[in-house]
Amino acid sequence: MSEPTTGPETLLSVRDLRAYFDTDDGVVRAVDGVSFEVRRGEVFAVVGESGSGKSVTATTVMGLQPTVRIASGEVLWKGRDLLQLPESEHGRIRGKEIAMIFQDPLTALNPVHTVGRQIGEMARIHEGASRKEAMRRAVEMLDLVGIPEAAKRARMYPHEFSGGMRQRAMIAMAITCRPELLIADEPTTALDVTVQAQVLDVLMRIKDEIDSAIMLITHDLGVVAGLADRVMVMYAGRAVETGTAPQLFSDSRHPYTLGLLAGLPRLEGPRDEPLVPIPGMPPSLINVPPGCAFHPRCSFERADGLCRRSTPELRQATAADHRSACHQLEALDGVTVESVRRAGAGR
Ligand code: SF4
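Residues numbered from 1 in each chain as written. Predicted model: local features only at pLDDT ≥ 70, side-chain atom pairs only at ≥ 80, totals over all residues. Heavy atoms only, no water.

**Observations regarding the overall build of the protein**
Here is step 1 of the chain: Along the backbone of the protein there are 13 helices and twelve strands.
Here is step 2 of the chain: In terms of overall dimensions, the protein has a C-alpha envelope of 70 × 50 × 40 Å along the principal axes.
Here is step 3 of the chain: Burial analysis of the protein (347 residues in total) assigns 52% to the buried set.
Here is step 4 of the chain: Split by element, the accessible area of the protein, about 15,500 Å² in all, is 52% carbon and sulfur.
Here is step 5 of the chain: Computed over 40 positive and 45 negative side-chain charges, the inter-centroid distance for the protein is 3 Å. (Helix = DSSP H or I, 4+ residues; strand = E, 2+ residues; numbered from the N terminus. Buried < 20%, exposed > 50% of the residue type's maximum accessible area, 1.4 Å probe, protein only. Areas by Shrake-Rupley, 256 points an atom, 1.4 Å probe, with all protein chains shown as cover. Lys, Arg positive; Asp, Glu negative; His and termini not counted. Charge placed at Lys NZ, Arg CZ, Asp CG, Glu CD.)

**Overview of the domain arrangement of the protein**
Here is step 1 of the chain: As assigned here, the protein comprises domain 1 (10–228) and domain 2 (251–345).
Here is step 2 of the chain: Taking the mean C-alpha position of each, domain 1 and domain 2 sit 29 Å from one another.
Here is step 3 of the chain: At the junction of the two partners, domain 1 supplies 15 residues and domain 2 supplies nine residues.
Here is step 4 of the chain: Interface area, domain 1 with domain 2, both sides summed: about 930 Å², of which 65% is carbon and sulfur.
Here is step 5 of the chain: At the boundary of domain 1 with domain 2, the tally comes to one salt bridge.
Here is step 6 of the chain: Two residues, Glu-49 and Arg-297, come together in a salt bridge whose shortest N-O distance is 3.0 Å.
Here is step 7 of the chain: Where domain 1 meets domain 2, there are three residue pairs in polar contact (both at pLDDT 80 or more).
Here is step 8 of the chain: Broken down by class, the residue content of the side of domain 1 that touches domain 2 amounts to five nonpolar, six polar and four charged. (Domains from an automatic or database assignment. Contact = heavy atoms within 4.5 Å. Buried area = accessible area lost by both parts, 1.4 Å probe. Salt bridge = Lys/Arg side-chain N within 4 Å of Asp/Glu carboxyl O. Polar contact = N/O pair within 3.5 Å; in protein donor to acceptor, adjacent residues only side chain to side chain. Nonpolar A, V, L, I, M, F, W, Y, C, P; charged D, E, K, R; others polar.)

**Details of the pattern of salt bridges**
Here is step 1 of the chain: Throughout the structure, instances matching the rule amount to 28 salt bridges.
Here is step 2 of the chain: For Glu-127, the salt bridge identified is with Arg-137, shortest N-O distance 2.9 Å. Of this pair, Glu-127 sits in helix H4 (residues 115–127) while Arg-137 sits in helix H5 (residues 131–144), and the two are ten residues apart along the sequence.
Here is step 3 of the chain: A relative accessible area of 12% places Arg-137 in the buried class.
Here is step 4 of the chain: Connected through salt bridges with shared partners, the residues Arg-40, Lys-78, Arg-80, Glu-89, Arg-92, Glu-97 and Glu-180 form a single ionic network.

**A word on the pairing of strand S9 (residues 230–235)**
Here is step 1 of the chain: Among the six residues of S9, six are classified as buried, and the element is accordingly described as predominantly covered.
Here is step 2 of the chain: Neither face of S9 is exposed, since Arg-230, Met-232 and Met-234 on one face and Val-231, Val-233 and Tyr-235 on the opposite face are all buried.
Here is step 3 of the chain: Two elements, strand S3 (residues 43–47) and S9, share four bridges in a ladder whose sense is parallel. Within the sheet, the bridge partner assigned to Val-46 lies in S9 and is Met-232.
Here is step 4 of the chain: In terms of strand pairing, S9 meets strand S10 (residues 238–244) through six bridges, oriented antiparallel. Its bridge partner being in S10, Met-234 is matched across the sheet by Ala-239. (Pairing = 2+ DSSP bridges.)

**Here we look at the sheet that holds strand S4 (residues 69–77)**
Here is step 1 of the chain: Taken in spatial order, the four strands line up as S2-S1-S4-S5 in an open sheet, and their pairing is antiparallel. Each having just a single partner strand, strand S2 (26–39) and strand S5 (80–81) make up the two edges of the open sheet.
Here is step 2 of the chain: Bridge count between strand S1 (residues 10–23) and S4: seven bridges; the pairing is antiparallel. The residue bridging Arg-15 from the neighbouring strand is Glu-74, located in S4.
Here is step 3 of the chain: Across the face of the sheet, helix H1 (residues 54–61) comes into contact with S1, S2 and S4 while running at roughly 110 degrees to S1. (Axes fitted to C-alpha atoms, helices over the stretch in contact; angles between N-to-C directions.)

**Structural notes on the site of the ligand**
Here is step 1 of the chain: Taken together, His-254, Pro-255, Cys-292, Phe-294, His-295, Cys-298, Phe-300, Cys-307, Pro-312, Cys-326, His-327 and Gln-328 are the residues near the ligand.
Here is step 2 of the chain: Split by residue class, the shell around the ligand holds eight nonpolar, four polar and no charged. (Near = heavy atom within 4 Å.)

**Notes on the packing of aromatic side chains**
Here is step 1 of the chain: Applying the stated rule across the entire model yields four aromatic pairs.
Here is step 2 of the chain: Seen in terms of ring centroids, Phe-36 and Phe-44 are 5.4 Å apart; in terms of plane orientation they differ by 15 degrees. Their pairing is stacked.
Here is step 3 of the chain: Here Tyr-235 and Phe-294 contribute two aromatic rings whose centre-to-centre distance is 5.1 Å and whose plane-to-plane angle is 80 degrees, an arrangement assigned as edge-to-face. One end of the pair, Tyr-235, is in strand S9; the other, Phe-294, is in the loop between helix H11 (255–262) and helix H12 (306–309), with 59 residues separating them in the sequence. In this pair, the class of Tyr-235 matches that of Phe-294, namely buried.
Here is step 4 of the chain: Aromatic ring contacts, followed pair by pair, group Tyr-235, Tyr-256 and Phe-294 into a single cluster. (Phe/Tyr/Trp six-rings, centres within 6.5 Å; stacked < 30°, edge-to-face > 60°.)

Printed below as a string of structure tokens:
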């Protein structure tokens, strides 16, 4: 991935974002110097374990982190820095030009209003639609996301919907004003596998229908396979590898990405093949290990101590748009997911 730009294809350009939380226990460095861009019409995936900073990155872009301290950075939306806008102006963009789909629709939807009213509210707030027009739009949107008997369902309450239908209703709400960017934060985590696939199908179909870009936030690299155009992998608040989906899936040059890939179930593997997770846990963002934050879990750590002393910066890996933050980048040439899996299984 090249340095973020603000060319005509760039919708969102985030530069050196540092988003911290000041707590009694110390400073939580949730996002610590992240740069990326989202281009018109693409699916850009942000992947990492919980605590990697991916969700804070998304909610900071949306202006939905009231307690965050922005230590540095810019969040340029079509060239304007959202971090510098008054809340009223940021609120106008939020929902209309950039909309978010949350992980848990049950807490995001208001239990005391009908689903149709909540979806229509977007058209009332952002476009001044009448009540009648708002309800018409809500039915249209529910229909668009594949909810049968949309007119009848629009008059129902969230608790009367199944989990998968609630998530579709959330998507309907997010797309009411046809935003140019949809940020989907773990949109399928709470759903079972079959419903997950259906909801992702809906999301991709809608993307084409309303011609929006999607920033897909997930802990599961498997979810983004076949969906994402470009991927950014985050660890401990930093981007550790960025590139096109084929670059990351077929030619990763970062031990963390390779570890995530090795931990995915294989389609062609035996049914009872054990999964090989990355050993250890992600670090506390208050006490991030020095040097490369991944070193306590990394089986490629250098013997000369460099990984513990110096924080690796992103640099070119296999192509100009493929970058990895690893001191062993060159040594990883030829390392495959399969070899990482075999080594992990033998631990
Ligand atoms: Fe592993 Fe060192 Fe690369 Fe970090 S910099 S991922 S510790 S090899």
